[in-house]
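Structural overview
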Amino acid sequence: MSLTLLQAWQSAKQRLETAGLAGPVIDARLLVEAAADATRADIVGDPYRALTPQQEARLENYLTRREHREPVSHILGRKGFWKIMLDVTPDVLTPRPDTETVVEWVLRDFPEHAAWSVLDLGVGSGAIILSILAERPAAKGLGIDISEEALAVARDNAAHLGLASRLALLRGDWTAGLGDASFDLVVSNPPYIASHVIETLEPEVRDHEPRIALEGGDDGLMHYRTLAPEILRVLKAGGRFAVEIGYDQKDAVEALFREAGALGVQTLKDLADRDRVVAGAKKTLETQARVAT
């Protein structure tokens, strides 16, 4: 006898709970929706709709993979972030709600119809810059990543969202080759996990996320040491920056940006009230002139 949508969701939830997985209710719903070509509204409004044998087989495959700690984003090949849906592969970091803190700050501070330029360093799937461009129609962006595979994912996401004409993508090592004072805004979610900590992470991250997008050297700060002065170099006078950090890196990263000459350096908290984003600005021309005299 075929499973109904409601039965499929309940049994999937039970299996994931038994496997000791965090968030089994949401994961089960997402996997059932994808396997059964259903929506959340279908599960609520048509709970007794039967799954076909093919849909049941697909759900069984999804649940087995999730029990083996494969992330839902990799099983489904997509992840929602801010107000957009992104394709996700094992070549990019799965976008997380914590990172939306960057987007929220940017959209609050930059006017909707200003024609400003955005640089995203370590663009990955394109989550940050595409979320910004989707809400700021006059803005244009450049995304840089060292991974050709990540750039391919970002390129597909830009095309699916109708943003390809406003986003250039470039393979490169951070800001190498970029001119001075080129951008109004620089955003980045660099790798910031100390090398020795990676093996202690959840299997979903340790075994499935690209190591290059996680590893921040012996103390997790390796990339910020490079980025702080370089971000200030490529920002226009008065330009802003926002970088994601680990929950315990506030003081160290703030100090690096202040040392590089940034003004108004502050740390923003994520929805869980953890330190998550260091933001600030480059001196204006007026400030620079005042300092010079």
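If you're wondering where the values come from, they're calculated on a predicted model, not measured in any experiment.

Take the packing of helix 2 (residues 24–35) against helix 4 (residues 53–67) next. Two measures define how a pair of helices packs: the angle their axes make with one another and the distance between the axes. Running from N to C, helix 2 and helix 4 cross one another at 145°; their axes reach a closest spacing of 9 Å. Regarding helix 2 and helix 4, the two cross each other, and that crossing is right-handed. Residues Asp27, Leu31, Val32, Ala34 and Ala35 of helix 2 lie in contact with helix 4, whose contacting residues are Gln55, Arg58, Leu59, Tyr62, Leu63 and Arg66. For the contact of helix 2 with helix 4, the per-class residue count stands at seven nonpolar, one polar and three charged.

Across five bridges, the pairing between strand 4 (residues 140–145) and strand 5 (residues 167–171) is parallel. Within strand 5, the position partnered with Leu142 by the bridge is Ala168. Regarding the hand of the β-α-β motif, the stretch spanning strand 4, helix 8 (residues 148–160) and strand 5 is right-handed.

Before going further, it helps to spend a moment on the environment of Asp145. Take Asp145: it is sitting in strand 4. Expressed as a C-alpha distance, the spacing of Asp145 and Val205, which sit 60 residues apart in the sequence, is 20 Å. Excluding anything up to four places from it in sequence, Asp145 contacts Gly122, Val123, Gly124, Ala150, Leu151, Leu170, Arg171 and Gly172. Among the polar contacts made by the side chain of Asp145, one reaches the main-chain amide nitrogen of Val123 at a distance of 3.2 Å.

A complete count under the given rule lists 28 salt bridges for this structure. Arg69 is the salt-bridge partner of Glu202, the closest N and O atoms lying 2.6 Å from each other. Of this pair, Glu202 sits in the loop between strand 6 (183–188) and helix 9 (203–206) while Arg69 sits in the loop between helix 4 and helix 5 (72–76), and the two are 133 residues apart along the sequence. The salt bridge partner of Arg211 is Glu199, with a shortest N-O separation of 3.2 Å. Of this pair, Arg211 sits in the loop between helix 9 and helix 10 (222–234) while Glu199 sits in the loop between strand 6 and helix 9, placing them 12 residues apart in sequence. Overall, the relative accessible area of 36% leaves Arg211 in the partly exposed class. Under the relative-accessibility criterion, Glu199 is labelled partly exposed at 49%. Shared partners join several salt bridges into a network, and the residues in it are Asp27, Arg66, Arg69, Glu202 and Glu204.

Tallying each qualifying case throughout the model produces two aromatic pairs. Between Phe110 and Trp116, the aromatic rings sit 4.3 Å apart at their centres with planes inclined by 35°, giving tilted as the arrangement. Given the relative accessible area of 10%, Phe110 is considered buried. Residue Trp116 is classed as buried on the basis of its relative accessible area, which comes to 5%.

This part is about the confidence of the model for the protein. Counting all residues, the mean pLDDT for the protein is 94, and 97% of those residues have values of 70 or more. Predicted confidence in the protein is weakest over helix 12 (residues 285–292), with a mean pLDDT of 58, and strongest over helix 11 (residues 250–259), with 98.

Spatial ordering of the open sheet is given by 5-4-3-6-7-9-8, a layout of seven strands whose pairing is mixed. Of all strands in the sheet, those with a lone pairing partner are strand 5 and strand 8 (263–269), marking the two edges. The sheet shows a mean angle of 15° between the axes of neighbouring strands, direction not considered. Across five bridges, the pairing between strand 8 and strand 9 (residues 275–281) is antiparallel. By the bridge assignment, Lys269 is partnered in strand 9 with Asp275. Across the face of the sheet, helix 10 comes into contact with strand 3 (117–121), strand 6, strand 7 (235–244) and strand 9 while running at roughly 150° to strand 7. On top of the sheet, helix 11 reaches strand 7, strand 8 and strand 9; it is set at about 160° to strand 8, its chief contact.

In an α-helix, one full turn covers 3.6 residues, which means residues spaced three or four apart are oriented alike. Between its terminal C-alpha atoms helix 8 stretches 19 Å, which fits the 18 Å expected from 13 residues at 1.5 Å a residue. Among the residues making up helix 8, those that are buried are Ala150, Leu151, Val153, Ala154, Asn157 and Ala158. All buried residues of helix 8 fall inside an arc of 160° around its axis, so they share one side. Those residues of helix 8 that are buried are in contact with strand 2 (84–87), helix 7 (127–135), strand 4 and strand 5. Immediately beyond the C-terminal end of helix 8, within one or two residues, lies Gly162, with a positive phi of roughly 70°.

Helix 4 packs onto helix 1 (residues 5–18) with a crossing angle of 20° between their chain directions and a minimal axis gap of 10 Å. By the angle class used here, helix 1 and helix 4 are roughly parallel. For the pair helix 1 and helix 4, the crossing hand works out as right-handed. Across the interface between the two elements, Ala8, Ala12, Arg15 and Leu16 from helix 1 touch Leu59, Glu60, Leu63, Thr64, Arg66 and Glu67 from helix 4. Taken together, the residues that form the contact of helix 1 with helix 4 break down as five nonpolar, one polar and four charged.

Parameters and conventions
Residues numbered from 1 in each chain as written. Predicted model: local features only at pLDDT ≥ 70, side-chain atom pairs only at ≥ 80, totals over all residues. Heavy atoms only, no water. Axes fitted to C-alpha atoms, helices over the stretch in contact; angles between N-to-C directions. Helix = DSSP H or I, 4+ residues; strand = E, 2+ residues; numbered from the N terminus. Left-handed = near helix turned anticlockwise from the far one by under 90°. Contact = heavy atoms within 4.5 Å. Nonpolar A, V, L, I, M, F, W, Y, C, P; charged D, E, K, R; others polar. Pairing = 2+ DSSP bridges. Right-handed = clockwise from strand over helix to strand, strands pointing away. Polar contact = N/O pair within 3.5 Å; in protein donor to acceptor, adjacent residues only side chain to side chain. Salt bridge = Lys/Arg side-chain N within 4 Å of Asp/Glu carboxyl O. Buried < 20%, exposed > 50% of the residue type's maximum accessible area, 1.4 Å probe, protein only. Phe/Tyr/Trp six-rings, centres within 6.5 Å; stacked < 30°, edge-to-face > 60°. pLDDT = per-residue confidence, 0-100. Expected span 1.5 Å × (residues − 1). Arc of directions from axis to C-beta. Parallel < 35°, antiparallel > 145°, perpendicular 65-115°, else oblique.

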